[in-house]
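# Survey of secondary and tertiary structure
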Amino acid sequence: MEGAVTSGLLLALCWALAPPAGAQEGLCYEQFGAGKCKELLGEDIPQADCCLNPTYGYRARAGAPCQSCRQAEWSDWTAWGPCSVSCREGVQRRSQTCLGQGQCSNGPRKRWEIQACSLKDCCPAMGGWSAWGPWSSCSVTCAKGVRKRIRSCTEPAPICGGSCLGPDTDTQSCDTNQICPTHGNWGSWGQWGLCSATCSPEGAGQKPQQRRRRVCNNPPPSDVPPGLPCSGSDTEAQACPGVPFCPVDGGWSNWETSSLCSVTCGLGRVTQKRLCNNPAPQHGGKVCLGLNTRSHFCNTKIPCPVDGQWSEWGEWSICTRPGYTGNISCREIAGQQRRTRVCKGRSPDGKRCEDSYIHIRSCYNMYRCNLEGQWSDWSSWGLCVPPCGKNPVKSRKRVCQPTYPKFSMVTQRVGTTGLVNVSFWGKPSPQCQPIDGKTLEVEEKESCLNVPPCPEEEEEYDQPLLSLTRLASPDLRATAGFEFVEEPDDV
């Protein structure tokens, strides 16, 4: 708890201090999620100013990894990757990345898990072709055509999605020794000719004409035997579809501020707008080039509030019965126990944690009680361990589970007339028939198959976002009247 308070105090002081000359400046982003920075707020911004808001992201230089302004924490596990083989058993991998300031537990910036997988129980086997069938008749009645024959993939048939190599159809040319007539067909229309004018002012006169032609050559009609000529005209004319008015290109108006600073703490944006109306584009004229809005960052120099968050619940206390001098272990005598949690990370102006810091329940003390037991079913296969080492192994277990006595699972709360639930507490001593000489736990292990090597760990950027050297610098002076105080939460 003392380390968490010290860390929170250093972070709050860094927010409140003016950056010294020569402080590291980089790129500040309004959003950080899934290890990525979004919505660039500005460049050449001191990292201490950017991290006044703990939801922002910071990049020390272009191309450097993006870091969260919050304290370091593990990202969500990625989705499981593809199976290492397409048939029978292989493995698949997923990873976590340490995001934020400082280091996560276990040291490295990335960690991996692998598990066994199987996309298909069998692997494909190729089949064999039968003999070719007889040739078909020629495909045409004049000139040259083709005939074909087929075969089947049945000697033997493929299994498990296999196939035969090569085509199942064979073709060869055939000649009827008869000449076919060729009928004429038009080629494509040529391009339309130019209009007599390219543009005109409003109120222009009659539209000009334009023409295009085509040729009977696709193919031309044969002479022997005689083919039919093309039907229709080889020339087409039309009025120009509309001579355009001469274009007027658009021009930008002056920039005008359209919003105040977007935030009341940390860094925000100020937006400016302009209109394409000086003049407006007309008659196909070009629109204004560039954007109609722009923004630049604004600095409130005020740290953003950080709300408190509950820690995980602590361990349950020993199950005892207040005021009772006898032994309640292994007996149907209800006791009480409690567990607590801590509200962490709240800045002075942040919200306090909701609900209570303490949890009390009724219990039966089963610690080291001799109870009848029964063996559980085999558990699912666990993860392959080690995930990135040599010869990873997976395991599963059966455990001796206790059969708890049929005590009443409700009791009267002390000092009230209402009923509350009762929970069994403590690790009993279950008694099961031995399996291979084991009475509490049986474990089975197997090697993981087809395990590829782990990918190289991504290059880490070793420049911390908040330097403790800067925090200790005599050039930094505390803002007058600001002090970070850890206050107890209401219960």
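A short tour of the structure in this document, coming up. (Residues numbered from 1 in each chain as written. Predicted model: local features only at pLDDT ≥ 70, side-chain atom pairs only at ≥ 80, totals over all residues. Heavy atoms only, no water.)

## Here's the deal with the sheet that holds strand E2 (residues 36-46)
How we decide: For two strands to pair, DSSP has to find at least two bridges joining them. In this text, helices come from DSSP runs of H or I with a minimum length of four residues, and strands from runs of E with a minimum of two, each type numbered from the N-terminal end.
Within the open sheet, the four strands sit side by side as E2-E1-E3-E4. Their pairing is antiparallel. Each edge of the open sheet is held by one strand with a lone partner, namely E2 and strand E4 (67-68). The pairing of strand E1 (residues 25-33) with strand E3 (residues 57-59) spans three bridges and is antiparallel. What sits directly across from Leu27, in E3, is Arg59.

## Some details on the side chain of Ser222
Stated precisely, the cut-off is as follows: Polar contacts, as counted here, are pairs of nitrogen or oxygen atoms within 3.5 Å of one another; within protein the pair requires one atom able to donate a hydrogen and one able to accept it, and residues that are adjacent in sequence qualify only if both atoms are side-chain atoms. The contact definition used throughout considers only heavy atoms, calling two residues in contact when any of these lie within 4.5 Å.
You can see Ser222 is positioned in the loop between strand E10 (209-213) and strand E11 (235-239). A polar contact is formed between the side chain of Ser222 and the backbone oxygen of Pro225, at a distance of 2.6 Å. Beyond its immediate chain neighbours, meaning those up to four positions away, Ser222 contacts Pro181, Thr182 and Gly227.

## Quick word on the environment of Asp223
For clarity, the cut-off: Exposure classes here rest on a 1.4 Å probe applied to the protein chains alone. A residue is buried below 20% of its type maximum, exposed above 50%, and partly exposed in between.
Summarising the element assignment, Asp223 is placed in the loop between E10 and E11. Overall, Asp223 belongs to the exposed group, its relative accessible area being 69%. For Asp223 and Thr182, which are 41 residues apart along the polypeptide, the C-alpha to C-alpha distance reads 8.3 Å.

## Brief notes about unusual backbone geometry
What you tend to see is this: most non-glycine residues have negative phi, and most peptide bonds are trans. The omega angle of the peptide bond from Asn218 to Pro219 is 0°, so this bond is cis rather than trans. Counting through the fold element by element, Pro219 comes out in the loop between E10 and E11. In this chain, Val224 is followed by Pro225 through a cis amide linkage whose omega measures -15°. Counting through the fold element by element, Pro225 comes out in the loop between E10 and E11. Residues other than glycine seldom take positive phi values, yet Lys301 does so here, at roughly 60°. You can see Lys301 is positioned in the loop between strand E14 (293-299) and strand E15 (309-310). Look at Arg368: it is not a glycine, yet its phi comes out positive at around 60°. With respect to the helices and strands, the residue Arg368 is situated in the loop between strand E18 (358-365) and strand E19 (370-375).

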